[in-house]
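Here's the letter readout for the chains.
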Amino acid sequence: MAVPVGAGPLDAVIVGGGVIGLSAAWRAAARGLRVAVVDPEPVSHASRAAAGMLAPVTEAHYGEEELLALNLAAARRYPSFVGELEEATGQDTGYRECGTLAVALDADDRAVLQDLHAFQTKLGLAAEWLTGRECRRLEPMLAPIVRGGLLVAGDHQIDNRRLGAALLAALDRQGVPLHRVRAAELLVRGDRASGVRLADGTELAAGQVVLAAGCWSNRLPGVPPEALPPVRPVKGQILRLRVPEAYAPFLSRTVRGVTKGSHVYLVPRADGELVVGATAEELGYDTQVTAGGVYELLRDAHELVPGITELPLVETTAALRPGSPDNAPMIGQTVLPGLIVATGHHRNGILLTPVTADAVAELLATGEPPEVVRPFTPRRFTSARAGGPGRVVAE
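Fair warning: this is a prediction, and the values are worked out from it, not measured in the lab. (Residues numbered from 1 in each chain as written. Predicted model: local features only at pLDDT ≥ 70, side-chain atom pairs only at ≥ 80, totals over all residues. Heavy atoms only, no water.)

**With respect to the environment of Asp159**
Logical step 1: Along the chain, Asp159 falls in the loop between β7 (156-157) and α6 (160-174).
Logical step 2: Along the primary structure Asp159 and Arg27 are separated by 132 residues, whereas in three dimensions their C-alpha atoms are 20 Å apart.
Logical step 3: The contact partners of Asp159, leaving out residues within four places of it in the chain, are Thr93, Gly94 and Arg269. (Helix = DSSP H or I, 4+ residues; strand = E, 2+ residues; numbered from the N terminus. Contact = heavy atoms within 4.5 Å.)

Written out as structure tokens, the structure is:
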């Protein structure tokens, strides 16, 4: 049965109620578009499990200069984005401009960090090299064996769970419908996406459809194969601990490090929560928390900050990041007219929320993507598969 919302069809229906989908709906509604969101469990999965790091400089990688530019643009947008959201809802998002400290435990790790610092310097990024003693002066809980580190004052954090709650509140205040039902099928009429059918049989007619369902974005029936985004699940296990008042302040900024080849980070919240993560496992859609995953995270975190073993462990979670063949997001119009995707954000989903939301709203309103997201069109994979001029990627 077709059930239009209000008078006539929607301008857009957004499939996926993580922070990407919710923020896109919020920005689109702010531009006067009539939108609805479809998700049986909004702000769950990766959006809930994430650590909320906003670290474009610390996470800069060789060969990912285009992604770095997008990440930096998102970081610059964050203060105004959260300012608008907090003003609209009266809710605190936990945004903290606290900086990030990446540390090395041995000579090999130190050499890797120094190479990263040289790369950052070449790109004009702000990062300061510190000795081990200087690192421990900033963070006294660090292990005495720390050999050096990089202080990136501009890499911050946000409480992703508070961010999700604020976005839900913002949509409620705007009157944006949130259908807590599974999207069962994309509707296509006249070779154009025209809405979605929900699992309860409801049909939402819309001028455009946005696929923002994370690693499930390629599993919606009705999407033509050539328009499916090549997204895959990347499992991440993550821990949450509590810092008792007697131990506060435990850490004053995000601390990252590499131990025995494994990356680990510790993100301290203002309310005393300490987030420790995260594994990266290619295990399909498995979301089990394993003893091995918890052990490895605690072992590696203990190498960096020995005192962590004194803290209560309050939560263990496993969720699925949406990965893409080149580890960069897919934001833009697909080969099917009327179908937009916003997925594949992998480890940068929370960071890229503001710039993705703005881009999707712009696409819905004008049909044209902002310049900053043009390199991340999903058509780069379609063209490559068809033998055209798209980016060559490893499948």
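**Notes on the confidence of the model for the protein chain**
Logical step 1: Mean pLDDT over the protein chain works out to 93, with 94% of the residues at or above the 70 mark.
Logical step 2: Every residue in residues 1-7 is under pLDDT 50, and counting partners more than four places away or in other chains gives 14 contacts.
Logical step 3: Overall, residues 384-395 carries pLDDT values under 50, and its contacts beyond four positions in sequence, including any with other chains, amount to 19 contacts. (pLDDT = per-residue confidence, 0-100.)

**What to know about the side chain of Asp39**
Logical step 1: With respect to the element layout, Asp39 can be found in the loop between β2 (35-38) and α2 (46-49).
Logical step 2: There is a polar contact of 2.6 Å between the side chain of Asp39 and the backbone nitrogen of Gly17. (Polar contact = N/O pair within 3.5 Å; in protein donor to acceptor, adjacent residues only side chain to side chain.)

**A closer look at unusual backbone geometry**
Of all residues except glycine, most have a negative phi; of all peptide bonds, most are trans.
Logical step 1: Following Ala248, the chain continues to Pro249 via a peptide bond in cis, the omega torsion being -5°.
Logical step 2: Here Pro249 is to be found in the loop between β12 (232-242) and β13 (254-259).
Logical step 3: Following Gly277, the chain continues into Ala278 via a peptide bond in cis, with omega recorded as -20°.
Logical step 4: One can find Ala278 in the loop between β15 (273-277) and α7 (291-304).
Logical step 5: Phi at Asn327 takes a positive value of approximately 65°, unusual for a residue other than glycine.

**Digging into the packing of aromatic side chains**
Aromatic rings in a pair are described by how distant their centres are and how their planes are angled relative to each other.
Logical step 1: A complete count under the given rule lists five aromatic pairs for this structure.
Logical step 2: Taking the centre distance of 4.3 Å and the plane angle of 40° together, the rings of Tyr62 and Phe119 count as tilted. Linking Tyr62 in the loop between β3 (53-54) and α3 (65-89) with Phe119 in helix α4 (residues 107-122), this pair joins segments that are 57 residues apart in sequence.
Logical step 3: Aromatic side chains Tyr78 and Tyr95 sit 6.0 Å apart centroid to centroid with 5° between the ring planes, which places their arrangement in the stacked category. Placement of the pair is Tyr78 in helix α3 and Tyr95 in the loop between α3 and β4 (100-104), with a sequence separation of 17 residues.
Logical step 4: Owing to a relative accessible area of 0%, Tyr78 belongs among the buried residues under this scheme.
Logical step 5: Accessibility expressed as a relative area gives 19% for Tyr95, which makes it buried.
Logical step 6: Feature note: the residues Trp26, Tyr78, Phe81 and Tyr95 constitute an aromatic cluster, connected by ring pairs.
Logical step 7: Arg27 extends its terminal NZ or CZ atom over the ring of Trp26, reaching a point 4.4 Å from the ring centre.
Logical step 8: Positioned over the ring face of Tyr285 is Arg219, at 4.2 Å from the centre of the ring. (Phe/Tyr/Trp six-rings, centres within 6.5 Å; stacked < 30°, edge-to-face > 60°. Buried < 20%, exposed > 50% of the residue type's maximum accessible area, 1.4 Å probe, protein only. Lys NZ or Arg CZ within 6 Å of the ring centre and 35° of its normal.)

**Focus: empty space enclosed by the protein**
Logical step 1: A full pass over the atoms with the stated rule returns two cavities of 30 Å³ or more.
Logical step 2: Here the largest cavity is characterised by a volume of approximately 60 Å³.
Logical step 3: Sorting elements by how many residues they give to the lining of the largest cavity places helix α9 (residues 379-385) first, with three residues.
Logical step 4: Taken together, the residues that form the lining of the largest cavity break down as seven nonpolar, two polar and three charged.
Logical step 5: Looking at the second largest cavity, its volume works out to about 30 Å³.
Logical step 6: Partitioning the lining of the second largest cavity into residue classes produces four nonpolar, two polar and three charged. (1 Å grid on protein atoms, 1.4 Å probe; cavity = no way out; pocket = protein on both sides within 12 Å on 5 of 7 lines; lining within 4 Å. Points joined across faces, edges and corners; volume = space filled by probe spheres on them. Nonpolar A, V, L, I, M, F, W, Y, C, P; charged D, E, K, R; others polar.)

**Regarding the nonpolar core**
Logical step 1: Judged by nonpolar contacts, the single largest core of 48 residues is most densely connected at Val35, Tyr78, Ile158, Leu163, Ile350 and Leu364.
Logical step 2: Those elements that place two or more of their residues in this core are β1 (10-15), α1 (19-30), β2, α3, α6, β18 (339-343) and α8 (353-366).
Logical step 3: Sorting elements by how many residues they give to this core places α1 first, with eight residues.
Logical step 4: Dropping the residues within four chain positions of it, Ile158 is found in contact with Ala51, Gly52, Leu54, Tyr78, Val82, Thr93, Gly94, Tyr95, Leu163, Arg269 and Ile350.
Logical step 5: Judged by nonpolar contacts, the second largest core, of 25 residues, contains Leu151, Leu241, Val276 and Val294. (Core = buried A, V, L, I, M, F, W, Y, C linked by side-chain atoms within 4.5 Å.)

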